[in-house]
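Chains, contacts and geometry: an overview
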Amino acid sequence: MRDLLRDAAAGVLAAGLGIAVAELFAATTRPDAAPLIAVGGAIIDATPTPVKEFAVRELGTNDKPVLLGSVGLVLALFAAALGVLGRRRRILVPIGTVVLGAAGATAALTRPTASAFSPVPSLLAAAIAGATLWWLLRTVDQPTGNRRAFLRGVVLVGGAAVLAEAGAQLLTRTVGRVRTDLALPAPSSPAKPVPTGIAPGFTTPSADFYRVDTALTVPRVDPDTWTLRIHGMVGTELKLSLDDLLRRPLIERDITLNCVSNEVGGPYIGTARWLGVPLAPLLREAGLRPEADQIVARSVEGMTIGTPVATALDGRDTMLAVAMNGEPLRPEHGFPVRMLTPGLYGYAGACKWVTELELTTFAKFDAYWVERGWARPGTVKTASRIDKPRPFARPAAGPVTVAGVAWAQRRGITKVEISVDGGTWQAAELLPVPSTDTWVQWRWTWNATAGPHSLSVRATDSTGQVQTEARATPFPSGATGRHTITVTVE
Ligand SMILES: Nc1nc2c(c(=O)[nH]1)N[C@H]1C(S)=C(S)[C@@H](COP(=O)(O)O)O[C@H]1N2
Ligand SMILES: [Mo]
């Protein structure tokens, strides 16, 4: 038993050293080519939609650490087995490490932004792990004093792994760091002042704004070398630097962005004041051809998001955003530039870290999420949410303020109603909004009587459409159903 544990530990330590050195090496060049990140990214892209839905729903923004931890755990189990088996059949050590190295290298090569360099960190990890395990197992085999020799080896390998990992962390925080500041020009078309009478929470602070993306490492984009290419079905291809972009007239708008994966009552929605360059003049300048009906936005890490050309030309404020709530975009929200399309869910109109716009047709190309079964064009559904009281709250009997938000970007909300215990729908007060592109805050005073009660909300948009009662899952075109909470009045 002790022998087994010792051999397993040798396998895990050797793998740890290999991974740590590979991360150190990748940190100086391409952090996303590090073995665990590459394998994790390949898993995200290959994960069936229902599993991905489950992960987003149950884990939220913890989905990334949980995935990386699981990949690490599977690798550790594999490495432990390799230590145990390799001790008995030494040839298994090179065979096993070659298999692991090949898995990492393949994952790295199939990433959308792969280059010839991508497999190198995984191959390096495999070579180091294999040699280290071979060496550790040899110290075990030494006829005399093998215990001390092995322990010395363990200390050496463990120490080296810790040092390499610390170096990798340090490097990503220094060498990998890019400027994240921008001198923001004043908008030529400023946002309307937020109307008076708005309640707190209308604008979501950037630090609290939900984050949904497939990027295991937040892309660090150097604003000094960033370019945007507009190409495809255009008369003349455009290539813009960030300075070129910032020299153009900028608009500033309050816009609500939400995720198609948001459950009824869920948190993946926020409103920010965005500053950006309207897309329409850029497309016209490029000489957009009339056959083009899809804009495929590509990001630095290889995401593709397909947006209807019509949404850039129909007068809405579709833009290339450079700032959010008065500061440059935060790295996790797409620094330096992201797309924003009022009225479309994020997966259909809000490509972060964008670097390329290709004009094409829907017939010719399926973007990332559409390839995985999500609907086109990704129009936001009319919906509403109760924020106050909280579910299972215990308010005192008497007047209780019920409040929340409702949204139907581009169409606008005309009515919000509340029903207590399934009774008649009663109209809530709607607070003022700057445009149809934001959520609407609503409130209603409830004369609460003691006992358990359910509260439901429904919204009506300007087309007269009442938010449906029929429950639908987020996949493939956004959740429907009414947000209902239960409270006990005391
Ligand atoms: N590059 C990139 N852009 C992306 C995504 C992504 O995975 N990668 N996810 C999209 C989705 S599904 C949503 S809902 C929004 C979320 O934007 P946020 O994280 O700034 O809130 O970004 C969109 N843009
Ligand atoms: Mo999303």
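As annotated in an unreviewed UniProt entry, the chain is Sulfite oxidase from Paractinoplanes pyxinae.

Let's talk about the pattern of salt bridges
The final tally for this structure, using the stated rule, is 34 salt bridges. Ionic pairing is found between Arg88 and Asp7, a salt bridge with its closest N-O pair at 2.9 Å. Taken together, the positions of Arg88 in helix H4 (residues 63-88) and Asp7 in helix H1 (residues 2-27) put the pair 81 residues apart, joining distant regions of the chain. The class of Arg88 is partly exposed, set by a relative accessible area of 47%. Between Asp314 and Arg316 there is a salt bridge, with its nearest N and O atoms 2.8 Å apart. In this structure, a network of salt bridges that share partners links the residues Asp3, Arg6, Asp7, Arg87, Arg88, Arg90 and Asp141.

Considerations on the pairing of strand E4 (residues 269-278)
Counting buried positions along E4 gives 8 out of 10 residues, so the element sits mostly inside the fold. Pairing analysis gives 5 bridges linking E4 to strand E7 (residues 319-324), with the strands arranged antiparallel. Paired with Leu275 across the bridge in E7 is Ala323.

Notes on the side chain of His231
Within the secondary structure layout, His231 lies in strand E1 (residues 227-232). On the basis of relative accessible area, His231 is assigned to the buried category, the value being 9%. Within the structure, the side chain of His231 is placed 3.2 Å from the side chain of Arg229, a separation counted as a polar contact. When sequence neighbours within four positions are dropped, the list of residues in contact with His231 reads Glu237, Glu356, Leu357, Glu358 and Leu359.

As for helix H2 (residues 35-46)
Between the first and last C-alpha of H2 there are 16 Å, a value that for 12 residues agrees with the 16 Å anticipated at 1.5 Å per step. The complete set of buried residues in H2 reads Pro35, Leu36, Ile37, Ala38, Gly40, Gly41, Ile44 and Asp45. Close packing links the buried residues of H2 with H1, helix H3 (49-59), H4, helix H5 (92-109), helix H6 (120-141) and helix H12 (368-371).

So, the UniProt feature "transmembrane region" (unreviewed entry) in the chain
Taking the numbering used here, the UniProt-annotated feature "transmembrane region" (unreviewed entry) corresponds to residues 66-85, 92-110, 116-137 and 149-171. Along residues 66-85 the backbone is 100% helical and 0% strand, and the end-to-end C-alpha distance reaches 28 Å. Span residues 92-110 is 95% helix and 0% strand, its end C-alpha atoms 27 Å apart.

Notes on the UniProt feature "domain: Oxidoreductase molybdopterin-binding" (unreviewed entry) in the chain
Using the residue numbers shown here, the UniProt feature "domain: Oxidoreductase molybdopterin-binding" (unreviewed entry) corresponds to residues 216-369. Summarising residues 216-369: 14% helix, 37% strand, and an end-to-end C-alpha distance of 17 Å.

Here we look at H4
Helix length check: H4 (26 residues) gives 38 Å between terminal C-alpha atoms against 38 Å at 1.5 Å per residue, within 8%. Taken residue by residue, H4 has Asp63, Lys64, Leu67, Val71, Leu75, Ala79, Ala80, Leu82, Gly83, Val84 and Gly86 as its buried positions. Those residues of H4 that are buried lie in contact with H1, H2, H3, H5 and H6.

Criteria and thresholds
Residues numbered from 1 in each chain as written. Chains lettered and ligands numbered in written order. Predicted model: local features only at pLDDT ≥ 70, side-chain atom pairs only at ≥ 80, totals over all residues. Heavy atoms only, no water. Salt bridge = Lys/Arg side-chain N within 4 Å of Asp/Glu carboxyl O. Helix = DSSP H or I, 4+ residues; strand = E, 2+ residues; numbered from the N terminus. Buried < 20%, exposed > 50% of the residue type's maximum accessible area, 1.4 Å probe, protein only. Pairing = 2+ DSSP bridges. Polar contact = N/O pair within 3.5 Å; in protein donor to acceptor, adjacent residues only side chain to side chain. Contact = heavy atoms within 4.5 Å. Expected span 1.5 Å × (residues − 1). UniProt positions renumbered as here; feature names shortened; annotations may be inferred.

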